[in-house]
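The primary structure of each chain is shown beneath.
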Amino acid sequence: MSFISVDIGATKIRVAIGDETGIQKKLTRITDTKKDPLAVSNQIIRLVNKLRFDNILSIGVGSIGPIDIKKGKIINTPNFPQKEILIKKPLSEYYNIPVMIVNDCAAAVHGEYVFGDGQGLENIVYITISTGLGGGAIVDGHLLQGKDGNAPEPGHFTISSSSKMVCNCGCIGHWEAYSGGKNIPKFAKIFLNNINWRKSLLWNLCDGNPDVLTSKNIFDAAKRKDPISIGFVNELGKINAIGIANIINGYDPELITIGGSVALNNSDLILEPIISNIDKHIINRKPDIQITRLGEDIVLLGALSLAIKLVS
Ligand SMILES: [Zn+2]
């Protein structure tokens, strides 16, 4: 017996077939963002057919948000031209099996719970730091979803209401405004404005123009021991420590795992400044904080675990 799992991202879509032991086969493609509410579900069907498996019992989908879990669709996402992307109805009609769609980070934390280091624990939070910043939580053994399926949204926790950093959502001083991969270079530009960085490796990498810096430039320079870049990475870590502390104070988890491309590609540079700055912000007992060992498959594994749960 097999299950389909899907990870719908703004740029990539991943589809897998798996069972209780994990993922058996998977495919990754660029997400079909053409202006058609059925484009993504049709793409999922085409990819599943390529994987060629019989006896599929259910489908689990982890998706970028915002989503409406009851209606089974993605709504008003800034990454797609159309207002609604239908997922649950077209897939359940085509395959005639149960389909579940949840926020991608909700799927991910369930993946950690079933397949990862969260096995046997009841309170786990997963944080992703990639283009944006998101999170998912298992609280007292239950997957936290909220009224529409969008809880929690730690990227939009306010770090500073008097900040110059504007979030992708338009608000001021949200965690993602500093630490989402898209915004890290903007935060670096403000940091560099206040110091003399002319003799740094970072200056050489961008010819003194901070507008062309990417997060990769900054982390690569820090890995090459550039003191200015290390100084910035530590400043970023202080912000991440505040965000993670808010998670600890809010959910009192036993384990926090961190994933997403920025964290997976720069694990020590992300994790160490969080660990060294967190104590001054927390009131609850400190949990284990680590980079997820499930890597980039975490959402697919989570969607698989939810598909299995749906029919068991
Ligand atoms: Zn925001």
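No experiment lies behind these values; they were computed from the predicted model shown.

### Here's the deal with the coordination of the zinc ion
- The zinc ion binds to the protein through His 156 (ND1), Cys 167 (SG), Cys 169 (SG) and His 174 (ND1); the donor distances cover 2.0 to 2.3 Å.
- One can describe the site at the zinc ion as tetrahedral: its 4 donor atoms subtend angles covering 100 to 119 degrees at the metal.
- In primary-sequence terms, the residues that donate to the zinc ion follow H-x10-C-x1-C-x4-H.
- On the accessibility criterion, His 174 (7% relative accessible area) is buried.

### Here's the deal with the side chain of Asp 19
- Assignment of secondary structure puts Asp 19 in strand E2 (residues 12-19).
- Lys 25 is the oppositely charged side chain nearest to the buried, salt-bridge-free Asp 19, at an N-O distance of 13 Å.
- A polar atom in the side chain of Asp 19 sits 2.5 Å from the side chain of Thr 21.
- For Asp 19, the residues in contact, after removing those within four places along its chain, are Met 1, Phe 3, Gln 24, Phe 115, Leu 304 and Ile 308.

### Looking at a nonpolar patch on the surface
- On the surface, Met 1, Leu 57, Leu 310 and Val 311 cluster together into a nonpolar patch covering about 340 Å² of accessible area.
- Counting through the fold element by element, Leu 57 comes out in strand E4 (residues 56-63).
- Its relative accessible area of 32% is what places Leu 57 among the partly exposed residues.

### Things to note about the pairing of E4
- When you tally the buried positions in E4, you get 7 out of 8 residues, the bulk of the element.
- Inspection of the sheet shows strand E1 (residues 2-8) paired to E4 by 6 bridges, in the parallel sense. When the sheet's bridge partners are listed, Val 6 is paired in E4 with Val 61.
- One ladder, built from 5 bridges, connects E4 with strand E8 (residues 99-103); its direction is parallel.

Thresholds, definitions, all that
- Residues numbered from 1 in each chain as written.
- Predicted model: local features only at pLDDT ≥ 70, side-chain atom pairs only at ≥ 80, totals over all residues.
- Heavy atoms only, no water.
- Donors = N, O, S within 2.8 Å, 3.2 Å for Na, K, Ca; no water.
- Tetrahedral: all angles 85-135°; square planar, octahedral: opposite > 155°, others 65-115°.
- Buried < 20%, exposed > 50% of the residue type's maximum accessible area, 1.4 Å probe, protein only.
- Helix = DSSP H or I, 4+ residues; strand = E, 2+ residues; numbered from the N terminus.
- Lys, Arg positive; Asp, Glu negative; His and termini not counted.
- Salt bridge = Lys/Arg side-chain N within 4 Å of Asp/Glu carboxyl O.
- Polar contact = N/O pair within 3.5 Å; in protein donor to acceptor, adjacent residues only side chain to side chain.
- Contact = heavy atoms within 4.5 Å.
- Patch = residues over 30% accessible without salt bridge, like charges linked within 9 Å, V, L, I, M, F, W, Y side chains within 5 Å.
- Areas by Shrake-Rupley, 256 points an atom, 1.4 Å probe, with all protein chains shown as cover.
- Pairing = 2+ DSSP bridges.

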